[in-house]
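Below, each chain spelled out in residue letters.
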Amino acid sequence: MDVRLGGQGGMSMTTKNIRVKLESGAEARPVALLVQEASKYDSVIYIQAGGRRVNAKSIMGMMSLGLSTGVELEVSADGADEKAAVEGIDVFLSGKGA
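Conventions used here
- Residues numbered from 1 in each chain as written.
- Predicted model: local features only at pLDDT ≥ 70, side-chain atom pairs only at ≥ 80, totals over all residues.
- Heavy atoms only, no water.
- Helix = DSSP H or I, 4+ residues; strand = E, 2+ residues; numbered from the N terminus.
- Buried < 20%, exposed > 50% of the residue type's maximum accessible area, 1.4 Å probe, protein only.
- Contact = heavy atoms within 4.5 Å.
- Areas by Shrake-Rupley, 256 points an atom, 1.4 Å probe, with all protein chains shown as cover.
- Expected span 1.5 Å × (residues − 1).
- Salt bridge = Lys/Arg side-chain N within 4 Å of Asp/Glu carboxyl O.
- Core = buried A, V, L, I, M, F, W, Y, C linked by side-chain atoms within 4.5 Å.
- pLDDT = per-residue confidence, 0-100.

**Some remarks on the overall build of the protein**
Thought 1: Helix and strand counts for the protein come out as three helices and five strands.
Thought 2: The order of helices and strands in the protein, counted from the N terminus, is β-β-α-β-β-α-β-α.
Thought 3: Here the protein, with 98 residues, has 44% of them falling under the buried criterion.
Thought 4: Expressed as a percentage of contacts within the protein between residues at least 6 apart in sequence, the contacts between residues at least 24 apart total 64%.
Thought 5: Accessible surface, the protein: about 5,300 Å² in total, of which carbon and sulfur atoms supply 51%.

**A closer look at helix α3 (residues 82-93)**
Three or four residues apart is the spacing at which side chains of an α-helix point the same way, because the helix has 3.6 residues per turn.
Thought 1: Here α3 contains 12 residues, and its C-alpha end-to-end distance of 16 Å stays within 8% of the 16 Å for a straight helix at 1.5 Å per residue.
Thought 2: For α3, the complete set of buried residues consists of Glu82, Ala85, Val86, Gly88, Ile89, Asp90, Phe92 and Leu93.
Thought 3: With its phi angle positive at about 75°, glycine 95 sits one or two positions after the end of α3.

**Section: the pattern of salt bridges**
Between side chains of opposite charge, a pair can form as their charged atoms come close.
Thought 1: For the structure on display, the rule yields four salt bridges.
Thought 2: With a closest N to O distance of 3.2 Å, glutamate 87 and lysine 16 form a salt bridge. Here glutamate 87 is found in helix α3, whereas its partner lysine 16 is found in strand β2 (residues 12-19), with 71 residues between them in sequence.
Thought 3: Residue class for lysine 16 comes out buried when judged on its relative accessible area of 19%.
Thought 4: A salt bridge links lysine 16 to aspartate 90, with the nearest nitrogen and oxygen atoms 2.7 Å apart. Of this pair, lysine 16 sits in strand β2 while aspartate 90 sits in helix α3; the two residues are 74 residues apart in sequence, bridging distant segments of the chain. Comparing lysine 16 with aspartate 90 shows no difference in burial state: the two are buried.
Thought 5: Each of Lys16, Glu87 and Asp90 takes part in one network of salt bridges that share partners.

**Side note on the nonpolar core**
Thought 1: Membership of the largest hydrophobic core comes to 24 residues, with the highest contact counts inside it found for Ile45, Ile47, Met62, Leu73, Val75, Ile89 and Leu93.
Thought 2: Put simply, the parts of the chain that give this core at least two residues each are α1 (28-39), β3 (44-49), α2 (59-65), β5 (72-78) and α3.
Thought 3: Sorting elements by how many residues they give to this core places α3 first, with five residues.
Thought 4: Once you skip the residues sitting within four places of it in the chain, leucine 93 turns out to touch Ile18, Arg19, Val20, Lys21, Leu22, Leu34 and Leu73.

**Thoughts on the confidence of the model for the protein**
Thought 1: Summarising the model, the protein shows a mean pLDDT of 86, and 81% of its residues fall at 70 or more.
Thought 2: For the protein, strand β1 (residues 2-5) is the element with the lowest average pLDDT, namely 51, and β3 is the one with the highest, namely 97.

Here it is in structure tokens:
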């Protein structure tokens, strides 16, 4: 996990590179579950892959990424629970919670 400057009000934000390890990739159901996971946190959460950056709480944005197993992406979160948010997304995408 990495902490970078530039978050809200010039504070830091937490980022982490994650490799997607979901058996079914990020099709409609897994994406909906990922958006639900992201929505548990108060922090602003973004996922970046293939040169695109989307709000992890947006189902349309997440579907537009077209993520598949093996893809590496960057998750960044900014807010009071940013570290927990990044870890929660990591657990979900890496299949550690299954």
